[in-house]
Protein chains: 2
Amino acid sequence: MTPTVKNHSHHISRQFNADLEEVKKHMLEMGGLVEKQLQDAINAIADADSALGSRVIEQDSIVDAMEVSIDEECNLILARRQPAASDLRLVLAIIKTVRDLERIGDEASKIAKSGVKLSERGEFPNGVAEFRQLGNRVKKMVNMALDAFTRYDTESALSIAMEDSDVDNEYSSAMRSAINLMTDNPDLISKVLNLLWAFRALERIGDHAKNICEHVVYLVAGTDIRHEDLATVATKMRPTSD
Amino acid sequence: MTPTVKNHSHHISRQFNADLEEVKKHMLEMGGLVEKQLQDAINAIADADSALGSRVIEQDSIVDAMEVSIDEECNLILARRQPAASDLRLVLAIIKTVRDLERIGDEASKIAKSGVKLSERGEFPNGVAEFRQLGNRVKKMVNMALDAFTRYDTESALSIAMEDSDVDNEYSSAMRSAINLMTDNPDLISKVLNLLWAFRALERIGDHAKNICEHVVYLVAGTDIRHEDLATVATKMRPTSD
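Residues numbered from 1 in each chain as written. Chains lettered and ligands numbered in written order. Predicted model: local features only at pLDDT ≥ 70, side-chain atom pairs only at ≥ 80, totals over all residues. Heavy atoms only, no water.

Caption draft 1: Representation of the side chain of glutamine 37 of chain B within the structure. Residue and element names in this part refer to chain B. For glutamine 37, the position within the fold is in helix H1 (residues 3–46). Glutamine 37 sits in the buried class, given a relative accessible area of 1%. Residue contacts for glutamine 37: discarding those within four places in its chain leaves Val56, Gln59, Asp60, Val63 and Ala108. (Helix = DSSP H or I, 4+ residues; strand = E, 2+ residues; numbered from the N terminus. Buried < 20%, exposed > 50% of the residue type's maximum accessible area, 1.4 Å probe, protein only. Contact = heavy atoms within 4.5 Å.)

Set out below in structure tokens:
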């Protein structure tokens, strides 16, 4: 290989890595905005803050635009650089994660809509403490899933993914309380349903956080663990001490 | 170019096209199964057929396995053939469509769960006719979206995508009836909620059918129309008669 060619290919590979780092940075920026949207949406309900809720709904279009732009960046990288192996997996994992982030933004916007409706109808204390608690838990899952992505940390990704079943349980328990509350107070049905939709959105966000964790495992280990039992996967991936 | 090289590259391109056709075929097979799952789930509710509902829930793992396997096929094509331009868009559109199909399968399985619960609790005629009607409509959207994919038909894709707002309206009207029904009959709340979840799943499936239509437009025209006003897009894409 002549020095010229070497320098040229060195240049290409440096540019390629810079592209990959750049798109990953954009994904994490989008993640940061989505986390903020989720936090604001939770507060809109918990503090009956209708103005905050409206702001979240408005800003959803920024999240949407970020998805389209990052997707475009990824497509350009695939077309121009034709990455292979782990670089290809990184691009595919970013495409999928960005889609999950967009969905989380969507769900945050639904929570905000419930928040606006609830606060318009005056004080509504029932279930709000449980909502804030589950909301914070789910938000932490999203944050830690993105953190696991940054650090390529499959162990942490798997343990966050396993938390999703606790979220599902808390959601089911909130559902049962809501049904009891509605049965005892039929005049509250509309209000309680608004809170129920918001709970359901949190449950969905937990699913998306779990998806992101699965993309991290695919990215690092090259295995597709969707639809597999996570405890078994964790055992298989753990380094043995023998 | 020597004849050997020509034959060789001709051979590669023939094999590449065969790979693309094969993965597209698998996507459409998955689509066929998902449509069947959706039809069965709708019937499970409309005919209070608990056995049928259980079958849908069981078969969801087949849909999941198809998603993983087609995704793997696509990743291999990206890694080995490094497609460009419209071939690359086809692979990316298949990856995204398969994910929507998996979600539709998931929602069908949720409808089936509501069906099992509803039929265990005896006859429940309220809202079932409306449910079947919206269900058939949404199922037709999925079918036509896949058909538009097969024929690379952007015009048809756009008109199906625009139907989604009708689905949203029908869903909102079903919600209002359900709230009235629960208010008048608090003892029916649990049952009505089961039907409401099923309605909500239909509304989601409409969203996924719309997503598939957007992938078709991206595939054919190379433009990303998510989050854009569909009527404007349709006007822009229509050939002018001037």
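Caption draft 2: Representation of the interface of chain B and chain A. With 39 residues of chain B at the contact, the number on the chain A side is 39 residues. For the pair chain B and chain A, the summed buried area comes to about 3,600 Å², and 54% of that belongs to carbon and sulfur atoms. Taken together, the connections running from chain B to chain A amount to 12 salt bridges. The closest approach of N and O atoms between lysine 96 of chain B and aspartate 71 of chain A, which form a salt bridge, is 2.4 Å. Put simply, chain B and chain A have 17 residue pairs in polar contact (both at pLDDT 80 or more) between them. Looking at the side of chain B that touches chain A, the elements that each hand over two or more residues are helix H2 (50–81), helix H3 (85–120), helix H5 (154–184) and helix H6 (189–221) of chain B. Considering each element in turn, the side of chain B that touches chain A owes the most residues, 11 residues, to H6 of chain B. (Buried area = accessible area lost by both parts, 1.4 Å probe. Salt bridge = Lys/Arg side-chain N within 4 Å of Asp/Glu carboxyl O. Polar contact = N/O pair within 3.5 Å; in protein donor to acceptor, adjacent residues only side chain to side chain.)

Caption draft 3: Region of the structure containing the relation of the copies chain B and chain A. Mapping chain B onto chain A calls for a screw motion: a turn of 180 degrees about the axis and a shift of 0.0 Å along it, with 0.0 Å RMSD after fitting. What the rotation and shift describe, once combined, is the action of a two-fold rotation axis. Interface residue correspondence from chain B to chain A reaches 100%, placing this contact among same-surface, isologous pairings. (Least-squares fit on C-alpha atoms with pLDDT ≥ 70 in both.)

Caption draft 4: Seen up close, the environment of threonine 235 of chain B. Here threonine 235 of chain B lies in helix H7 (residues 230–237). Taking the C-alpha atoms as reference, threonine 235 of chain B lies 23 Å from alanine 93 of chain B; in sequence the two are 142 residues apart.

Caption draft 5: Structural detail: the pattern of salt bridges. A complete count under the given rule lists 34 salt bridges over all chains for this structure. Between arginine 137 of chain A and glutamate 170 of chain A there is a salt bridge, with the nearest N and O atoms lying 2.7 Å from each other. Within this pair, whereas arginine 137 of chain A is found in helix H4 (residues 128–150), its partner glutamate 170 of chain A is found in helix H6 (residues 164–184), the two being separated by 33 residues in sequence. Among the ionic pairs, arginine 151 of chain A bridges to aspartate 147 of chain A, the shortest N-O distance being 2.9 Å. Of the residues examined, arginine 151 of chain A reaches a relative accessible area of 45% and is grouped as partly exposed. For aspartate 147 of chain A, a relative accessible area of 35% corresponds to the partly exposed category. Members of the salt-bridge network, linked through shared partners, are Glu67 and Asp71 of chain A together with Lys96, Asp224 and Arg226 of chain B.

Caption draft 6: Local environment of the confidence of the model for chain A. Residues and elements named next belong to chain A. Put simply, chain A has an average pLDDT of 90, and 93% of its residues get 70 or more. Per-residue pLDDT stays below 50 along residues 1–5; that stretch engages in 1 contact with residues further than four places along the chain or on separate chains. Quick note on the complex model: pTM equals 0.86, ipTM equals 0.79. (pLDDT = per-residue confidence, 0-100.)

Caption draft 7: Here's a closer look at the side chain of arginine 99 of chain B. If you trace the backbone, arginine 99 of chain B turns up in helix H3. Residues in contact with arginine 99 of chain B, not counting those within four places in the same chain, are Lys96, Arg99, Asp100, Asn211 and His215 of chain A together with Glu67 of chain B.

Caption draft 8: Region of the structure containing the packing of aromatic side chains. Counted by the stated rule, this structure contains 3 aromatic pairs over all chains. Judged by centre distance (5.4 Å) and plane angle (90 degrees), the rings of phenylalanine 131 of chain A and phenylalanine 199 of chain A are edge-to-face. Separated by 68 residues along the polypeptide, phenylalanine 131 of chain A in helix H4 and phenylalanine 199 of chain A in helix H7 (residues 189–221) bring together distant segments of the chain. We classify phenylalanine 131 of chain A as buried; its relative accessible area is 0%. In this structure, arginine 200 of chain A is placed above the aromatic ring of tryptophan 197 of chain B, and the distance from its NZ or CZ to the ring centre is 4.1 Å. (Phe/Tyr/Trp six-rings, centres within 6.5 Å; stacked < 30°, edge-to-face > 60°. Lys NZ or Arg CZ within 6 Å of the ring centre and 35° of its normal.)

Caption draft 9: Summary view of the nonpolar core. Residues Ile111 and Leu193 of chain A together with Ile111 and Leu193 of chain B are the most contacted members of the largest nonpolar core, which totals 150 residues. What leucine 193 of chain B contacts, discounting residues up to four positions off in sequence, is Ile179, Met182, Leu193 and Leu196 of chain A together with Met182 of chain B. (Core = buried A, V, L, I, M, F, W, Y, C linked by side-chain atoms within 4.5 Å.)

Caption draft 10: Here's a closer look at H4 of chain A. All names here are of chain A. Relative to the 33 Å expected for 23 residues at 1.5 Å per residue, H4 spans 33 Å between its end C-alpha atoms, a close match to the ideal helical length. The set of residues buried in H4 consists of Val128, Phe131, Leu134, Gly135, Val138, Met141, Val142, Ala145, Leu146, Ala148 and Phe149. Just downstream of H4, tyrosine 152 is the residue with a positive phi angle, here 50 degrees. (Expected span 1.5 Å × (residues − 1).)

Caption draft 11: Expanded view of unusual backbone geometry. Residue and element names in this part refer to chain A. Backbone geometry places alanine 48, a non-glycine residue, at a positive phi of 50 degrees. Its place among the elements puts alanine 48 in the loop between helix H1 (3–46) and helix H2 (50–81). The exposure class of alanine 48 is partly exposed, given its relative accessible area of 36%. Backbone geometry at histidine 227 places phi at a positive 65 degrees, although glycine is not the residue there.

Caption draft 12: Broad picture of the environment of glutamine 133 of chain B. Residues and elements named next belong to chain B. Within the secondary structure, glutamine 133 sits in helix H4 (residues 128–150). We classify glutamine 133 as exposed; its relative accessible area is 53%. Through-space distance from the C-alpha of glutamine 133 to that of glutamate 170 is 9.8 Å; in sequence the pair is 37 residues apart.

Caption draft 13: Geometry of the packing of H4 of chain A against H6 of chain A. Residue and element names in this part refer to chain A. Packing of H4 against H6 brings their axes to within 11 Å, and their N-to-C directions diverge by 160 degrees. Considering their axes alone, H4 and H6 lie roughly antiparallel with respect to each other. Like other packed secondary-structure pairs, H4 and H6 cross with a definite hand, here left-handed. On the side of H4, the interface is formed by Leu134, Arg137, Val138 and Met141, while H6 contributes Asp164, Asp166, Val167, Glu170 and Tyr171. Here the residues of the contact of H4 with H6 sort into 5 nonpolar, no polar and 4 charged. (Axes fitted to C-alpha atoms, helices over the stretch in contact; angles between N-to-C directions. Parallel < 35°, antiparallel > 145°, perpendicular 65-115°, else oblique. Left-handed = near helix turned anticlockwise from the far one by under 90°. Nonpolar A, V, L, I, M, F, W, Y, C, P; charged D, E, K, R; others polar.)

Caption draft 14: Region of the structure containing the state of the cysteines. For the structure on display, the rule yields 0 disulfides over all chains. Cysteine 74 of chain A provides the cysteine sulfur closest to cysteine 213 of chain A, a residue in no disulfide bond, and the two sulfurs are 19 Å apart. Its relative accessible area of 1% is what places cysteine 213 of chain A among the buried residues. Take cysteine 74 of chain B: it sits in no disulfide, and the sulfur closest to it among the cysteines is that of cysteine 74 of chain A, at 16 Å. According to the relative accessible area criterion, cysteine 74 of chain B is buried, its value standing at 1%. (Disulfide = S-S within 2.5 Å.)

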